[in-house]
Amino acid sequence: MINSFFYSSSEELFCDDFALKDLAKEYGTPLFVYSSKVILDNIKKLNKSLKGIEIDIHYALKANSTLGIVSLIGKEGLGADIVSGGELKRALKGGVPTNKIVFSGVGKTNEEIILALSKNIKQINVESESELEKIISISKAMNIRAPVALRINPDIKAQTHEKIATGSNQAKFGLPLNQTIELYKKICKEESLIPKGLAVHIGSQIFNNFEFQSAYEFLLNTANNIRRDGLSINNLDLGGGIGVNYSNSKIDFDGFGKIIQSVFKGYDYKLSIEPGRSIVATSGILLTKVIYSKKINKKNFVVVDAAMNDFIRPTLYDAYHPIIPAKKNNNKEIICDVVGPICETGDFFIKNTKLNKPNNDDLLAICNTGAYGSVMSSNYNSRPPANEVIIFKEKSFLIKKSQSIEEQISKEILL
Ligand code: LLP
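The structure contained in this document is the topic of the report that follows. Because the structure is a prediction, the values reported are computed rather than measured.

### Structural notes on the sheet that holds strand β6 (residues 79-82)
- The strand order around the closed barrel formed by eight strands is β5-β6-β7-β8-β9-β10-β11-β12, and the pairing between neighbours is parallel. Going from strand to strand, the sheet's axes swing by 30° on average, the running direction of each strand aside.
- Pairing of strand β8 (residues 123-126) with strand β9 (residues 146-151) involves three bridges; the strand directions are parallel. The residue bridging Ile 124 from the neighbouring strand is Val 148, located in β9.
- Running at roughly 165° to β6, helix α4 (residues 85-93) makes contact with β6 and β7 (101-103) of the sheet.
- Relative to the sheet, helix α6 (residues 129-142) contacts β8, β9 and β10 (193-199), its axis offset from that of β8 by approximately 145°.

Set out below in C-alpha cells:
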C-alpha cells in the first residue's frame, strides 16, 4: 500500500495518524478505513497528467458512493458520472452541482429520466434508439430540452476480466457506428433535444493504454465525420477504465494522460472523462478480525469476521487483493486461505497466501478495497455490512454506519 498506510517502528499498521487497532476498538470490525489523503493525491496526479487540456472530470459514483467520499471529491471540483436515480440523489446530496452530472447506463427508467431532466443535469448518455424515443417524449411532455450524447460501441474487446469489458460488439453497451451516425442526425433535427456529442467507455481495469488510444481514435474519427456532414458536435466523453495494480498500488495516470494529449492534440473538442476506481481504490482497506484458524488435510484456513457480503471482488472477478497484518508478529509463516464465515466455498479473500500465523483476535487489512467494495456489499446471511471510516484532517469520521439487523428486520412483515 502507498503513502498513507505504513508500519510504525513498533510494526503496527497505521492509516495516516491512526493505528488501525485503535480504529477497530472505536468502530468495530469489519471496517472500511479510507485515507482522504490518498483520494486527494490520486486526483492531483490525474489532474497533472491532463495539464494543458481543457477537460472535465466526472467521478464515477459507482466505484464508491458513500456521501463522505462523494462530497470530498465534489469539493475538489470534480463532477459526477451516475448510473441511476439513486446515484443522482447521492451526487446532489454530496454537493455536486447539477451542471456537472452526466447520466450513463443502458436502462434508464421513465422516473429516472424525469428526475434527471427536472434537475437540469449536464448530459444524458443515450445507449439505444428506444431510449432516445423515450427521452424525446418525456422532454416534450415536460417542455424541457434534453441535453443528450450518444454512447458509441467501438467494438474493442479490452483485455480485462470479461465481466467488466464493455466495448465489444457482443456487449450490451452503446450503439454501433451506423446507428450512432443516424441517431445523431436525428438528435440535431429534434427541437426538444440539445445535441451534446459522443461518449465511449470500453471497460474497467484497463492497463494497456493502446486500448484507450484505439477507442479514442475511433470516437474522434466518428465525430470528425459527423462534423464533415455539417452537424455541430462539441463534447467527447472518454469514459473511465484506468487500471489499478492491486499488488503494488500503482496507477498509470501519466500514460493515460499522454494518450489523451496525443489523440486530441489540435482539435477543439470539449473533453470529459469518468474515472471511478483510479480515484478511490488505493484509498481504502478492509480491516477484519481473525476469529479462528483451522487446518484441514494440511491446508490452513484463517477465518475472519469480514465476508464476501462486505467485499465480493475476489470471488466475483478472481481479483487479487493482498492481505497484511495490522501488527506484525513472529509466529511461524504459514500458507493459508483467508476466508469469511459465509456458508459458501466462494467466500474467500485470498488463497495460498503467506502469513505469519495470526492469533485469534488479530487484525488483518485487506488492501486496496476503496473501489467497488462497500458499494457492492449486501446483507447475505443476514450480516450487516461493514461500517466505514475516513481519516480527514487528522481526525477519524464514521462516514457510514451500517444498518443493524434490527433495522433491517423492522422493514419486513410477518405473514
Ligand atoms: N463510466 C462508465 C460508463 C462505466 O460503466 C464505468 C464502470 C466507469 C465510467 C468507471 O470505470 P472505472 O474508472 O472505475 O474503471 N465492479 C467492477 C467494476 C465495474 C465497472 C463498471 N463500469 C469491479 O469491481 O471491478
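Having seen the structure, we can now continue with the description.
### Observations concerning the site of the ligand
- Taken together, 18 residues lie around the ligand, and Ser 204, Glu 274, Arg 313, Tyr 317 and Tyr 372 are the ones closest in.
- Gly 241 is positioned with one of its backbone polar atoms (N or O) 2.9 Å from an oxygen atom of the ligand.
- Within the backbone of Gly 276, one N or O atom sits 2.9 Å away from an oxygen atom of the ligand.
- Residue classes in the shell around the ligand are distributed as six nonpolar, six polar and six charged.

### Remarks on helix α3 (residues 67-75)
- Taken residue by residue, α3 has Ile 69, Val 70, Leu 72, Ile 73 and Gly 74 as its buried positions.
- Within two residues after α3, Gly 77 carries a phi angle of roughly 95°, on the positive side.

### Notes on the pairing of β9
- Counting buried residues in β9 gives six out of six residues, a clear majority hidden from the surface.
- Of the two faces of β9, the one holding Ala 146, Val 148 and Leu 150 and the one holding Pro 147, Ala 149 and Arg 151 are both buried throughout.
- Taking the sense of rotation as the criterion, the β-α-β connection linking β8, α6 and β9 turns out right-handed.
- Relative to β10, β9 is paired through six bridges, and the arrangement is parallel. Pairing of Val 148 across the sheet is with Pro 195, part of β10.

### Some thoughts on the pairing of β6
- In β6, alternate side chains face the same way, and those of Gly 79 and Asp 81 on one face and Ala 80 and Ile 82 on the other are all buried.
- The handedness of the strand β5 (residues 55-60) to β6 crossover, carried by α3, is right-handed.
- Examined bridge by bridge, β6 and β7 share three bridges and lie parallel to one another. Following the sheet pairing, Asp 81 is matched in β7 by Val 102.
- In the classification by handedness, the crossover that spans β6, the intervening α4 and the parallel β7 is right-handed.

Parameters and conventions
Residues numbered from 1 in each chain as written. Predicted model: local features only at pLDDT ≥ 70, side-chain atom pairs only at ≥ 80, totals over all residues. Heavy atoms only, no water. Pairing = 2+ DSSP bridges. Helix = DSSP H or I, 4+ residues; strand = E, 2+ residues; numbered from the N terminus. Axes fitted to C-alpha atoms, helices over the stretch in contact; angles between N-to-C directions. Contact = heavy atoms within 4.5 Å. Near = heavy atom within 4 Å. Polar contact = N/O pair within 3.5 Å; in protein donor to acceptor, adjacent residues only side chain to side chain. Nonpolar A, V, L, I, M, F, W, Y, C, P; charged D, E, K, R; others polar. Buried < 20%, exposed > 50% of the residue type's maximum accessible area, 1.4 Å probe, protein only. Right-handed = clockwise from strand over helix to strand, strands pointing away.

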